[in-house]
Amino acid sequence: MELMDKLTILADSAKYDVACTSSGVSRTGNGQLGSCLPAGCCHAFSADGRCVSLLKVLLTNVCAFDCSYCVNRRSNDIPRAAFTPRELAELTIQFYRRNYIEGLFLSSAVLKNPDYTMEQMISALELLRGEYGFRGYIHAKTIPGADPALIQRMGLLADRLSVNIELPSEASLGLLAPDKARTSIFRPMRQIARTARENTRELAVYKHTPRFAPAGQSTQMIVGASPENDRHILRLTEGLYQKYSLKRVFFSAYIPVSADSRLPALSTPPPLLREHRLYQADWLLRFYHFSASEILSDDQPDLDPYLDPKCGWAVRNPGYFPVDVNRAEPEQLLRVPGIGPKSARRIVIARRTGALDLDALRRIGVVLKRAQYFIVCRGYTGARAQRGTVARALLDPAAFSSGTEQLSLFSAPAVQQLTAAGTPALLASKTVWEEAAECLSRRM
Amino acid sequence: MSEPQNVIFLYDGSLQGLLCCVFEAVSGRMLPLNIQPEQTASPTLFETCFIETDPTHAARVARSVSRKIGPRARQLVGHVFLSCAPKKELLILRFLLRGWEEGPRICNMLGHPDVAPLIDAEKHLLNEAHLLKGFLRFSDYGGILGAVIGPKNEVLPLLAGHFCQRLGNEEFMIWDKTHKVALYWHDKKAQYFGMEQFTPPPAGAAEQQYRRMWKRFYDTIAIPQRRNPSLRQNLCPKRYWAYMHEMEGES
């Protein structure tokens, strides 16, 4: 088989993996090929708007497992291929020196058994790191059920390891992925977290200790293939960050790949807006000092499609506002809709030189359209506005794809349903917009 | 010195030259209406005055900036000078005049009208440099790598360190088409030189094959059910597409 055909098959099989990040590790070239930037680097953006940072391929898509949500499942009739370790290493190097990519993201279907697959992946990575002296980024996926000794070896070659949780609960996993046990996912995750902690201690004593997965570990789960609500997913996410010190949890809106009575119908559009809201909530956990229980509660188990979760929290907690921009703690500033980590940091620096007014805040980069209803500052004692006006300022325009003829994939389900029933796109988004604004202003 | 005089300063286009304009403004107690590089200055009815570049004057200003306003101010001025902000020379002059009054705290006055535009210009420059670390494409011409970029800001000095250490064992050239400058890395040494025109040689068979494979990978990795051209264009603006092989034929 031609290399071009292999690349096509094995990239196609890998495309549903979300992570393509190259962040979390800093390494210089040192006279060899390759380096790593701590912030990561996107080399292209594909037609779906996702960042392409790494050469994301499977070593092989020949699979012994039969997970119903996966394109590569044993029972699916698709072309199969496998790279030799040499082919893969050569391709990575040639793409890398042309600056197409930041490194390699190597995953694989389960060829024969998990251990055999891991050994094949490790030999490809050894070739890259050893013979080619490659110092760029490597993200490797561990195979559920592999021997801990193999995970150890892989962690010394890769910058980031990941184990996919796949589905947000054990029940769904049992139903849809009968070959993957919950323990086969959490055991390697625990091992990676523990080894990384020990490695940090050893590095503190002896700086030439080989580094184990310096960019940490990540995971991903499919959203919309199984019945879990957002609250369940967010609490699970929070637990993963706390318990296994994960660097990232990725969500992947389920795209139907097979007709199966246990799964959503093939015509179901991927829940992209829900995925987007989950990422926003994930950011609140990681950068805004929010806890999962603040973002969602028992009586509100799902994220609001029309509001970003931070605005949602602000609307439910009017007693927290107004925040005095010139006095508030940084954590308080971060709770204000329209102030992000960057502008909060700038406010803290700038206010030391003198009290800030609205013009100064605007110049600093605060989004006053939303923030004006939640702050006071020099010469400004807060906006006097009707609830309806505030509601309209807070609604997320992306959910309505307002102003465009063409309906965005991100628009809220209600808008999609109206258009599917024959309403013109503009009218549909306007109707839902008005209803959402009315509904929100009543809640305020 | 707050009222601008009806005079336009011209300088040789170098940072040293601009610092001499600052020297002139301070020593002559004269705030010009504008400061422009001589090469690109448009004809004007206002009086123009060419400021000679005197290295000792430039050094005096640079030293004073470091000492009295601080190293961060020096860095900010350097960055803004590389940026494409309109009237960046005047922005720098106003910032420095304010800085000599306020001292190092000026760099923390992020909401001040004499400071915020510089922070924005710097952000634009650094952002473009970061994007180009990813979007720049090399081609292999018989073992030597060559790339062409067309940035708005003068980012080459910011890209140099990154590529020289990443591709330390390679030989390469990056040509900045907008600013007509090239960076050449060979034998562990980097050098810049002016370059008006550069036509890349035709790509060899292996090069063409890798470009095809990259294009194929790029096309394959997108998920059709998630197609979102406007999101892509937000993240990778069209002006970079002409230099990226994978974007050929995209719209």
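Residues numbered from 1 in each chain as written. Chains lettered and ligands numbered in written order. Predicted model: local features only at pLDDT ≥ 70, side-chain atom pairs only at ≥ 80, totals over all residues.

Draft legend 1. Summary view of the overall build of chain A. In terms of helices and strands, chain A carries 17 helices and 10 strands. Taking 444 residues into account, the globule formula puts the C-alpha radius of gyration at 22 Å, and chain A, at 24 Å, falls close to it. In terms of its C-alpha atoms, chain A occupies a principal-axis envelope of roughly 65 × 55 × 40 Å. Scored against the burial criterion, the 444 residues of chain A give a buried share of 48%. A sequence separation of at least 24 residues applies to 67% of the contacts in chain A between residues at least 6 apart. (Helix = DSSP H or I, 4+ residues; strand = E, 2+ residues; numbered from the N terminus. Rg over C-alpha atoms; globule rule 2.2 N^0.38 Å. Buried ≥ 20, exposed ≤ 12 C-beta atoms within 10 Å, placed from the backbone. Contact = placed C-beta atoms within 7 Å.)

Draft legend 2. Summary view of the environment of Gly111(B). Mapped onto the elements of the fold, Gly111(B) is located in the loop between helix 4 (88–102) and helix 5 (116–135). A residue is classified by how many C-beta atoms lie within 10 Å of it, and Gly111(B), with 26 of them, is buried. Leave out the neighbours within four places in its chain, and Gly111(B) touches Ala350(A), Leu356(A), Ala360(A), Leu361(A), Arg363(A), Ile364(A) and Ala116(B).

Draft legend 3. Structural view of the interface of chain B and chain A. Contact with chain B, which involves 41 residues of that partner, is made by 44 residues of chain A. Where the side of chain B that touches chain A is concerned, the elements lending two or more residues are helix 5, strand 4 (139–141), helix 6 (156–166), helix 7 (205–221) and helix 8 (229–235) of chain B. Here the side of chain B that touches chain A takes 8 residues from helix 7 of chain B, the largest share from any one element.

Draft legend 4. Looking closely at the sheet that holds strand 6 (residues 160–162) of chain A. Residues and elements named next belong to chain A. Strand order in the open sheet formed by 6 strands is 3-4-5-6-7-8, and the pairing between neighbours is parallel. Single-partner strands in this sheet number two, and they are strand 3 (54–58) and strand 8 (248–253). Here the average twist between neighbouring strands, direction ignored, is 20°. Across the sheet, helix 8 (residues 272–287) is in contact with strand 7 (217–223) and strand 8; its angle to strand 8 comes to roughly 170°. (Pairing = 2+ DSSP bridges. Axes fitted to C-alpha atoms, helices over the stretch in contact; angles between N-to-C directions.)

Draft legend 5. Structural view of the packing of helix 1 (residues 3–14) of chain A against helix 7 of chain B. Relative orientation of the contacting elements helix 1 of chain A and helix 7 of chain B amounts to 25°, with a least axis distance of 9 Å. The angle between helix 1 of chain A and helix 7 of chain B places the two elements in the roughly parallel class. In the packing of helix 1 of chain A onto helix 7 of chain B, the handedness of the crossing is right-handed. Within the contact between the two elements, helix 1 of chain A uses Met4(A), Leu7(A), Thr8(A), Ala11(A) and Asp12(A) and helix 7 of chain B uses Met213(B), Arg216(B), Phe217(B), Thr220(B) and Ile221(B). In terms of residue class, the contact of helix 1 of chain A with helix 7 of chain B is made up of 6 nonpolar, 2 polar and 2 charged. (Parallel < 35°, antiparallel > 145°, perpendicular 65-115°, else oblique. Left-handed = near helix turned anticlockwise from the far one by under 90°. Nonpolar A, V, L, I, M, F, W, Y, C, P; charged D, E, K, R; others polar.)

Draft legend 6. Main features of unusual backbone geometry. Residues and elements named next belong to chain A. Following Phe321, the chain continues into Pro322 via a peptide bond in cis, with omega recorded as 0°. Looking at the secondary structure, you find Pro322 in the loop between helix 10 (309–316) and strand 9 (323–324). Even without a glycine there, the phi angle at Asn99 is positive, about 65°. Structurally, Asn99 can be placed in the loop between helix 2 (85–97) and strand 4 (103–107). At Ser245, a residue that is not glycine, the phi angle is positive and equals roughly 40°. Residue position: Ser245 is located in the loop between helix 7 (230–244) and strand 8. By the C-beta count within 10 Å, which is 14 here, Ser245 ends up partly exposed.

Draft legend 7. Examining the domain arrangement of chain B more closely. Residues and elements named next belong to chain B. For chain B, the assigned domains are domain 1 (7–125), domain 2 (136–200) and domain 3 (202–251). Here the C-alpha centroids of domain 1 and domain 2 sit 28 Å apart. Each partner contributes to the interface: domain 1 provides 5 residues, whereas domain 2 provides 5 residues. Looking at the side of domain 1 that touches domain 2 residue by residue, the classes come out as 3 nonpolar, 2 polar and no charged. (Domains from an automatic or database assignment.)

Draft legend 8. Up close: the pairing of strand 5 (residues 144–149) of chain B. Residues and elements named next belong to chain B. Burial along strand 5 is one-sided: the face carrying Leu145, Ala147 and Ile149 is buried and the face carrying Ile144, Gly146 and Val148 is not. In textbook terms, the turn of a hairpin is the stretch between consecutive antiparallel strands, and for strand 4 and strand 5 this stretch comprises 2 residues, one of which, Gly142, has a positive phi near 55°. Direction of pairing for strand 5 relative to strand 6 (residues 171–176): parallel, over a ladder of 6 bridges. Its bridge partner lying in strand 6, Val148 is registered against Trp175. Crossover connection from strand 5 via helix 6 to parallel strand 6: handedness right-handed. (Right-handed = clockwise from strand over helix to strand, strands pointing away.)

Draft legend 9. Broad picture of the domain arrangement of chain A. Each assigned domain of chain A is listed with its residue range as follows: domain 1 (3–263) and domain 2 (388–444). Taken over C-alpha atoms, the centre of domain 1 of chain A sits 37 Å from the centre of domain 2 of chain A.

Draft legend 10. Representation of the nonpolar core within the structure. With 200 residues, the main nonpolar core has Met121(A), Leu125(A), Met154(A), Val325(A), Leu333(A), Cys21(B) and Ile174(B) as its most contacted residues. With 8 residues, the single largest contributor to this core is helix 5 of chain B. (Core = buried A, V, L, I, M, F, W, Y, C linked by C-beta atoms within 7 Å.)

Draft legend 11. The arrangement of the pairing of strand 1 (residues 7–11) of chain B in detail. All names here are of chain B. Taken across its 5 residues, strand 1 has 4 buried, putting it largely inside the fold. Pairing of strand 1 with strand 3 (residues 47–50), which is carried by 4 bridges, proceeds in the parallel orientation. By the bridge assignment for strand 3, Val7 is matched with Glu47. The parallel pair strand 1 and strand 2 (residues 34–37), bridged by helix 1 (residues 15–27), forms a crossover whose chirality is right-handed.

Draft legend 12. Focus on helix 2 (residues 55–69) of chain B. Residue and element names in this part refer to chain B. Relative to the 21 Å expected for 15 residues at 1.5 Å per residue, helix 2 spans 20 Å between its end C-alpha atoms, a close match to the ideal helical length. Where helix 2 is concerned, the buried positions are His57, Ala58, Val61, Val65 and Ile69. All buried residues of helix 2 lie within an arc of 100° about the axis, which places them on one face of the element. With respect to the buried face of helix 2, the exposed residues turned more than 90 degrees away are Pro55, Thr56, Arg63 and Arg67. Contacts made by the buried residues of helix 2 are with helix 1, helix 3 (71–82) and helix 4. Just downstream of helix 2 lies Gly70, where phi reads positive at about 105°. (Expected span 1.5 Å × (residues − 1). Arc of directions from axis to C-beta.)

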